[in-house]
Amino acid sequence: MNVVFAVKQYISKMIEDSGPGMKVLLMDRETTGIVSMVYTQSEILQKEVYLFERIDSQNRETMKHLKAICFLRPTKENVDYLIQELRRPKYSIYFIYFSNVISKSEVKSLAEADEQEVVAEVQEFYGDYIAVNPHLFSLNILGCCQGRNWDPAQLSRTTQGLTALLLSLKKCPMIRYQLSSEAAKRLAECVKQVITKEYELFEFRRTEVPPLLLILDRCDDAITPLLNQWTYQAMVHELLGINNNRIDLSRVPGISKDLREVVLSAENDEFYANNMYLNFAEIGSNIKNLMEDFQKKKPKEQQKLESIADMKAFVENYPQFKKMSGTVSKHVTVVGELSRLVSERNLLEVSEVEQELACQNDHSNALQNVKRLLQNPKVTEFDAVRLVMLYALHYERHSSNSLPGLMMDLRNKGVAEKYRKLVSAVVEYGGKRVRGSDLFSPKDAVAITKQFLKGLKGVENVYTQHQPFLHETLDHLIKGKLKENQYPYIGPSTLRDRPQDIIVFVIGGTTYEEALTVYNLNRTTPGVRIVLGGTTVHNTKSFLEEVLASELHSRSKESSQVTSRSASRR
């Protein structure tokens with residue numbers, strides 16, 4: 001189960017099926033992102049695709065010597081654009097691929113528009129999601145819910161993305177969902193409806209143990225997306241932000257023009273692929289090794305190009321050298337900026353207290369440490385609010401809860417009101433009243449013993465002691481111990497054997513820390529393959545936007561209900 005490979009295969013097949021000759025790739029806003037995550041422009045150029053265009057671009061030239069490969073989402077808007085295109089075709093022949101199921105009536109409309117008979121093929125290729133890592137996918141949807149319920153448009157898009165993922169991996173799963181979440185139940189029902197309606201598409205070769213789709217809600221663990229991260233990929237997203245593998249470095253002091261935006265893709269960057277899950281300390285020494293390696297391979301300035309053989313060797317090695325030079329300067333810049341932010345924002349100290357708030361149960365010590373950091377001028381208002389949020393979530397119902405005092409400290413520190421308001425919003429979003437699970441206290445004797453032993457040994461790394469709640473959920477699922485009264489099945493049948501192929505989807509977004517958990521479980525659990533997805537992949541900033549969007553939707557809904565009630569009384 002490799003989502004990058006699945007999407008890559010679809011795109012390769014589209015290009016191959018169109019045969020030899022020069023081609024243009026016509027995409028929409030979303031499919032442009034889907035393609036760019038798995039192929040670089042230079043890789044596609046080698047397949048005779050010389051032009052990349054958007055279907056909604058008004059000023060495209062007519063180029064009858066090119067074949068058109070159209071890869072589009074099956075939206076009404078895209079179908080309308082295609083109808084206009086086919087009435088006045090700009091290219092010689094069209095191969096049309098929709099990223100999801102398209103209705104017969106829309107295919108009929110396209111056929112009627114194709115008066116010049118330029119369409120060679122119309123097919124469905126189910127690459128309707130963003131493949132982030134081989135075991136991680138996203139739908140790039142921020143703000144999917146209105147309070148506790150779905151925004152209808154986002155529910156429809158999520159259902160399409162999730163069913164496309166199942167089709168691309170050739171899985172017809174049994175479905176379980178988190179009972180405490182109305183949104184999880186709704187999505188599970190919608191996916192089940194599609195599988196029932198499109199049963200012919202889902203007729204794959206039966207496996208001995210059926211695959212399992214587990215649908216969870218971000219509300220159940222609001223702690224994980226609030227923590228600072230210390231592994232490379234997660235840390236880059238937390239401090240700099242990753243958007244479809246792109247990192248904006250334009251705000252970095254003294255940045256050179258060619259490094260204002262860089263791409264970090266494990267598919268095309270060996271150093272990143274080998275280091276994305278390693279701790280920051282290890283990255284530092286690996287960067288040093290990369291630099292030393294680069295220095296050795298660097299062509300000597302004085303190198304004499306006396307013979308044709310010398311020149312030939314230089315030219316042959318130059319592209320490799322140039323590529324390596326780009327990799328070195330990119331990672332040195334990124335790691336340098338991470339390092340600058342860590343010291344400027346005092347993140348080592350901040351993170352240590354975050355981990356204590358997430359993993360330990362010593363209230364007075366935690367309170368003292370948070371208060372101390374709120375007095376520190378190096379701690380930014382963003383990090384100060386994050387600490388108070390973690391405290392508010394953990395000690396929400398503690399008898400000595402001191403949240404009002406901490407809120408006053410934030411105010412005295414000069415923290416903007418928009419940030420302070422987020423504390424209650426986060427508790428509303430993921431507090432005890434909402435959670436179906438107990439995030440903080442170990443539940444059984446084994447877990448309590450483990451925590452006790454961990455305390456005795458001390459933690460190997462105080463900055464990475466936290467494990468997402470997802471780890472425990474998946475551990476129970478793999479061992480066949482996940483309670484059905486908390487995670488029921490949709491439909492009458494249940495899984496008798498332990499699952500082998502598991503697809504986990506988190507409504508409200510997943511995180512790179514959870515992706516690392518899944519990566520490690522895949523590595524250490526023979527016979528089990530897990531793929532993780534979410535409506536988006538969060539860092540703290542985007543998670544707080546998600547919380548805010550959910551709260552705003554919820555408020556506007558309540559006020560409109562109040563208005564309609566008072567109107568009906570009149």
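Criteria and thresholds
- Residues numbered from 1 in each chain as written.
- Predicted model: local features only at pLDDT ≥ 70, side-chain atom pairs only at ≥ 80, totals over all residues.
- Heavy atoms only, no water.
- UniProt positions renumbered as here; feature names shortened; annotations may be inferred.
- Helix = DSSP H or I, 4+ residues; strand = E, 2+ residues; numbered from the N terminus.
- Buried < 20%, exposed > 50% of the residue type's maximum accessible area, 1.4 Å probe, protein only.
- Contact = heavy atoms within 4.5 Å.
- Areas by Shrake-Rupley, 256 points an atom, 1.4 Å probe, with all protein chains shown as cover.
- Salt bridge = Lys/Arg side-chain N within 4 Å of Asp/Glu carboxyl O.
- Pairing = 2+ DSSP bridges.
- Axes fitted to C-alpha atoms, helices over the stretch in contact; angles between N-to-C directions.
- Core = buried A, V, L, I, M, F, W, Y, C linked by side-chain atoms within 4.5 Å.
- Right-handed = clockwise from strand over helix to strand, strands pointing away.
- Phe/Tyr/Trp six-rings, centres within 6.5 Å; stacked < 30°, edge-to-face > 60°.
- Lys NZ or Arg CZ within 6 Å of the ring centre and 35° of its normal.
- Polar contact = N/O pair within 3.5 Å; in protein donor to acceptor, adjacent residues only side chain to side chain.
- Expected span 1.5 Å × (residues − 1).
- Patch = residues over 30% accessible without salt bridge, like charges linked within 9 Å, V, L, I, M, F, W, Y side chains within 5 Å.

Taking an unreviewed UniProt entry as the reference, the chain is identified by name as Vacuolar protein sorting-associated protein 45 belonging to Chrysochloris asiatica. The annotation that UniProt attaches to the chain under Sequence similarities (unreviewed entry) is "Belongs to the STXBP/unc-18/SEC1 family." Taken directly from UniProt, the Function (unreviewed entry) text for the chain runs: "May play a role in vesicle-mediated protein trafficking from the Golgi stack through the trans-Golgi network."

## Digging into the overall build of the chain
Regarding its fold elements, the chain presents 20 helices and 18 strands. Taking all 570 residues of the chain together, the buried fraction comes to 50%. Within the chain, counting contacts between residues at least 6 apart in sequence, those at least 24 apart form 82% of the total. With an accessible surface of roughly 28,000 Å², the chain has 50% of that area assigned to carbon and sulfur atoms.

## Observations concerning the pattern of salt bridges
Applying the stated rule across the entire model yields 28 salt bridges. For Arg157, the salt bridge goes to Glu30, with nearest N and O atoms at 3.2 Å. Placement of Arg157 in helix α6 (residues 152–168) and of Glu30 in helix α2 (residues 29–36) is noted, with a sequence separation of 127 residues between them. Judged by relative accessible area, which is 9%, Arg157 ranks as buried. By relative accessible area, Glu30 is classed as partly exposed at 26%.

## Details of the side chain of Glu513
Mapped onto the fold, Glu513 is located in helix α19 (residues 512–524). In this structure, Glu513 is in contact with Thr224, Leu227, Gln229, His466, Gln467 and Pro468, ignoring residues within four places of it in sequence.

## Observations concerning unusual backbone geometry
Even without being glycine, Glu48 reaches a positive phi, approximately 70°. By relative accessible area, which is 28% here, Glu48 ends up partly exposed.

## Side note on the environment of Pro173
Within the secondary structure, Pro173 is located in the loop between α6 and β10 (174–177). By relative accessible area, Pro173 is classed as buried at 6%. As a C-alpha pair, Pro173 and Val209 span 36 residues in sequence and 9.9 Å in three-dimensional space. With near-sequence residues (within four places) excluded, Pro173 lies in contact with Leu166, Ile195, Pro211, Leu212 and Leu213.

## Quick word on helix α8 (residues 232–239)
It helps to recall that an α-helix has 3.6 residues per turn; residues three or four apart then point in one direction. Most of α8 sits out of view: eight of its eight residues are buried. Looking at α8, one finds that the buried residues are Tyr232, Gln233, Ala234, Met235, Val236, His237, Glu238 and Leu239. Within two residues after α8, Gly241 carries a phi angle of roughly 90°, on the positive side.

## What about the sheet that holds strand β11 (residues 212–217)?
The six strands are arranged β6-β7-β17-β15-β11-β10 in an open sheet whose pairing can be described as mixed. If you trace the sheet from one side to the other, it starts and ends with β6 (130–133) and β10, each paired once. Pairs of neighbouring strands in the sheet enclose a mean axial angle of 25°, with direction left out of account. Note that strand β15 (residues 501–507) and strand β17 (residues 529–534) share six bridges and pair parallel. Note on β17: the bridge partner recorded for Phe505 is Gly533.

## As for the nonpolar core
With 156 residues, the main nonpolar core has Ile215 and Ile507 as its most contacted residues. The dominant element in this core, judged by the number of residues it contributes, is helix α14 (residues 381–394), at 10 residues. Among the nonpolar cores identified, the runner-up in size contains 19 residues, and Leu66, Leu82, Leu86 and Ile102 belong to it.

## So, the pairing of strand β5 (residues 119–124)
Looking at chain direction, strand β4 (residues 93–98) and β5 are connected through five bridges and run parallel. Paired with Tyr97 across the bridge in β5 is Gln123. Following the chain from β4 across helix α5 (residues 104–113) to the adjacent parallel β5, one finds a crossover that is right-handed.

## Quick notes on the packing of aromatic side chains
Counting across every chain of the model gives 11 aromatic pairs. Each residue in the set Tyr10, Tyr97 and Phe125 is aromatic and connected to the rest through ring pairs, giving one cluster. The ring of Tyr39 carries Lys8 above its face, with NZ or CZ at 5.2 Å from the centroid. We note Lys418 situated over the ring of Tyr419; from NZ or CZ to the ring centre the distance is 5.1 Å.

## Comments concerning the side chain of Arg218
Among the structural elements, Arg218 can be located in the loop between β11 and α8. Side-chain polar atoms of Arg218 contact the backbone oxygen of Asp221, separated by 2.8 Å. Each residue touching Arg218, except ones within four places of it in the same chain, is listed here: Thr224, Pro225, Tyr429, Val506, Ile507, Gly508, Gly509, Thr510, Thr511, Glu514, His538 and Phe543.

## So, helix α1 (residues 3–17)
For α1, with 15 residues, the first-to-last C-alpha span of 21 Å sits near the 21 Å given by 1.5 Å per residue. Backbone nitrogen of Val4 and a side-chain oxygen of the N-cap are separated by 3.0 Å at the start of α1; the cap is Asn2. Once α1 ends, the next one or two residues include Gly19, with phi positive near 80°.

## Topic: the sheet that holds strand β2 (residues 49–54)
The five strands are arranged β2-β1-β3-β4-β5 in an open sheet whose pairing can be described as parallel. Edge positions in the sheet fall to β2 and β5, since each has one partner strand and no second. The sheet shows a mean angle of 15° between the axes of neighbouring strands, direction not considered. Of the strand pairs in this sheet, strand β3 (residues 67–72) and β4 are connected by six bridges, and their pairing is parallel. Following the sheet pairing, Lys67 is matched in β4 by Ile93.

## What about the pairing of β3?
Burial analysis of β3 places six of its six residues in the buried class, which makes it a mostly covered element. Covered by surrounding structure in β3 are Lys67, Ile69 and Phe71 together with Ala68, Cys70 and Leu72, the residues of both alternating faces. With five bridges joining them, strand β1 (residues 23–27) and β3 adopt parallel strand pairing. In the sheet register, Val24 faces β3, and the bridge partner there is Ala68. For the crossover from β3 across helix α4 (residues 76–87) to β4, the handedness is right-handed.

## Focus: a nonpolar patch on the surface
A surface patch of nonpolar side chains, about 270 Å² in accessible area, is lined by Met22, Leu45 and Tyr50. Positionally, Leu45 belongs in helix α3 (residues 41–45). Overall, the relative accessible area of 35% leaves Leu45 in the partly exposed class.

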